[in-house]
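Spelled out, the chains give:
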Amino acid sequence: MAVVQNSNKNLRRDLVISLFIYSLPVLAIYLYFKLSNGIVTESHITLPSFLEFAKPVFSNIRTWGLTVFMLVLGIIEFTAGLYDDQWTGEERKIDIISFLAPKLILPPVIAFFSLTILPIVIPNLENALSWVPFWGGFFLIAVADDLTQYWYHRLHHQVPFLWRFHRTHHSAPYMGMAMLSRQNFIYTVFFSQIYLTATLTYLGLGLPALFVLVIKSFITLGAHSSIAWDKPLYKYKVLHPIAWVLERLISTPATHHAHHADTSGDGIGHFKGNFGNMFFIWDVIFGTGLITRKFPKSYGIKSYKQEEWYAQFLWPIFKSKKEGSALADGVFSVPLTQKANNTATQSPSPVYFEQQTQS
């Protein structure tokens, strides 16, 4: 009982801190407005001069460049043999389906939300924030988008029912481009920050949203890749200061690979934390981060039964036929308790219990 009460207390504390963080870009924009005596330009569309050259680059990267980059990086990973022949059977099917489906499902969903729902819910507010300077819009969206995703991600680890919509992502026994998009379709469609960013774009912050999206995409791609680009930062002492800043600011392969480890008993794996996507600083602030500069020996879920691709992607519409699977018919939740003598000392994370009790 004491563990649960302490967990709830920490959750309330973290939510209060989050509200304060959310307010920071709003406060900064408000102060800018007041300091300029309420005089605002008609639009923020004009980029800072040093970024003008990057606008067409970012636009092209957003439309097709990221997909090409992912495919090229994936080919390099396969060529280097970094998957250790693990990309077979159901793994290949779920990865390919999860990569292609969002590109077909999400555009019409987001378009309907932006063009139909928003004009009804917040009429006459289209481009209402177009006066906000680029830096303000970038700051606002970077915080709103990524902090919201941190909480979306964290809750899917800490709430047993939600965990099963996210466990597909953690079922992969490898890291890399192949599993980057590996998610249950409900987790993808209800990705909370997508709609928040769409709303801010509707309000006139489309250009900063583009820059945030591209930068965030490259960071998350790098964090999931099996190519550990951060290892040289830890190897050479002269680079340690850079490593210290980066690993606390953004997600790196070391910190995010630890999140996908199949155990936390080695002091490296940390599937009960390291929830940050673009920014790792949220984990630093809320105490959910673990930085070791080491990489796990194995990934995934110890209780993983190599469930059918349709069960992983379409659960609960389709259930797994694998005996003992958390996605099987008649299974309503993952275990919430361990043996009595362990209950008081263990974390209530559904990931922890599934991986430790169903191995």
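Please read these numbers as outputs of a predicted model, since none were measured by experiment.

(A) Molecular detail of the overall build of the protein. Scanning the protein for helices and strands turns up 14 helices and zero strands. Ordered by position in the sequence, the α and β elements of the protein form the string α-α-α-α-α-α-α-α-α-α-α-α-α-α. Within the protein, the fraction of its 359 residues that count as buried is 47%. For the protein, the share of sequence-separated contacts (at least 6 apart) that also reach a separation of at least 24 residues comes to 74%. For the protein, the exposed area adds up to about 17800 Å²; of that, 68% sits on carbon and sulfur atoms.

(B) Geometry of helix α3 (residues 89–121). For α3, built from 33 residues, the straight-helix expectation of 48 Å at 1.5 Å per residue is met to within 8% by its first-to-last C-alpha distance of 45 Å. Considering bend angle alone, the principal kink of α3 is centred on Phe113 and spans about 30°. Buried residues along α3 sit against α2 (54–79), α5 (160–170), α6 (185–189), α7 (192–224) and α12 (309–314).

(C) Layout of the nonpolar core. Counting 34 residues, the largest nonpolar core has Ile141, Leu200, Leu205 and Phe313 as its most contacted members. By residue number, the principal contributor to this core is α7, which donates ten residues. Excluding anything up to four places from it in sequence, Leu200 contacts Leu140, Ile141, Ala144 and Leu205. Within the second largest apolar cluster, 29 residues are counted, among which are Ile61, Leu180, Phe211 and Tyr234.

(D) Quick look at the packing of aromatic side chains. Scanning the entire structure with this criterion turns up 22 aromatic pairs. Where Phe78 meets Trp87, the ring centres are 5.0 Å apart and the plane angle is 55°; that geometry is what we call tilted. We classify Phe78 as partly exposed; its relative accessible area is 37%. One aromatic cluster in this structure is built from Phe58, Phe134, Phe138 and Phe211. The cationic tip of Arg92 hangs over the ring face of Trp87; the distance from NZ or CZ to the ring centre is 5.5 Å. Across the ring face of Phe295, the terminal group of Lys231 is positioned such that the distance to the ring centre comes to 5.0 Å.

(E) The arrangement of a nonpolar patch on the surface in detail. Taken together, the side chains of Trp64, Val68, Val72, Ile76, Leu82 and Ile227 define a hydrophobic patch exposed on the protein surface, amounting to about 500 Å² of accessible area. We classify Ile227 as partly exposed; its relative accessible area is 30%.

(F) View of helix α4 (residues 134–158). End to end, α4 covers 36 Å across 25 residues, agreeing with the expected 36 Å (1.5 Å per residue, within 8%). When you tally the buried positions in α4, you get 20 out of 25 residues, the bulk of the element.

(G) Representation of the confidence of the model for the protein within the structure. Mean pLDDT over the protein stands at 85; residues scoring 70 or higher make up 87%. Note on residues 335–348: pLDDT is under 50 here. Beyond four places in sequence and across chains, it has 20 contacts.

(H) Main features of the layout of surface pockets. Quantified by volume, the largest pocket comes out at close to 1500 Å³. Lining of the largest pocket is provided by 47 residues; of these, Leu106, Phe191, Ile194, Leu213 and Ser217 occupy positions nearest its centre. Of all elements in the fold, only α2, α3, α4, α5, α6, α7 and α10 (253–259) reach the threshold of two or more residues within the lining of the largest pocket. Tallying contributions element by element places α7 first for the lining of the largest pocket, with 16 residues. Taken together, the residues of the lining of the largest pocket sort by class into 20 nonpolar, 23 polar and four charged.

Basis of the calculations
- Residues numbered from 1 in each chain as written.
- Predicted model: local features only at pLDDT ≥ 70, side-chain atom pairs only at ≥ 80, totals over all residues.
- Heavy atoms only, no water.
- Helix = DSSP H or I, 4+ residues; strand = E, 2+ residues; numbered from the N terminus.
- Buried < 20%, exposed > 50% of the residue type's maximum accessible area, 1.4 Å probe, protein only.
- Contact = heavy atoms within 4.5 Å.
- Areas by Shrake-Rupley, 256 points an atom, 1.4 Å probe, with all protein chains shown as cover.
- Expected span 1.5 Å × (residues − 1).
- Bend = angle between axes of the 7 residues up to and from the residue.
- Core = buried A, V, L, I, M, F, W, Y, C linked by side-chain atoms within 4.5 Å.
- Phe/Tyr/Trp six-rings, centres within 6.5 Å; stacked < 30°, edge-to-face > 60°.
- Lys NZ or Arg CZ within 6 Å of the ring centre and 35° of its normal.
- Patch = residues over 30% accessible without salt bridge, like charges linked within 9 Å, V, L, I, M, F, W, Y side chains within 5 Å.
- Salt bridge = Lys/Arg side-chain N within 4 Å of Asp/Glu carboxyl O.
- pLDDT = per-residue confidence, 0-100.
- 1 Å grid on protein atoms, 1.4 Å probe; cavity = no way out; pocket = protein on both sides within 12 Å on 5 of 7 lines; lining within 4 Å.
- Points joined across faces, edges and corners; volume = space filled by probe spheres on them.
- Nonpolar A, V, L, I, M, F, W, Y, C, P; charged D, E, K, R; others polar.

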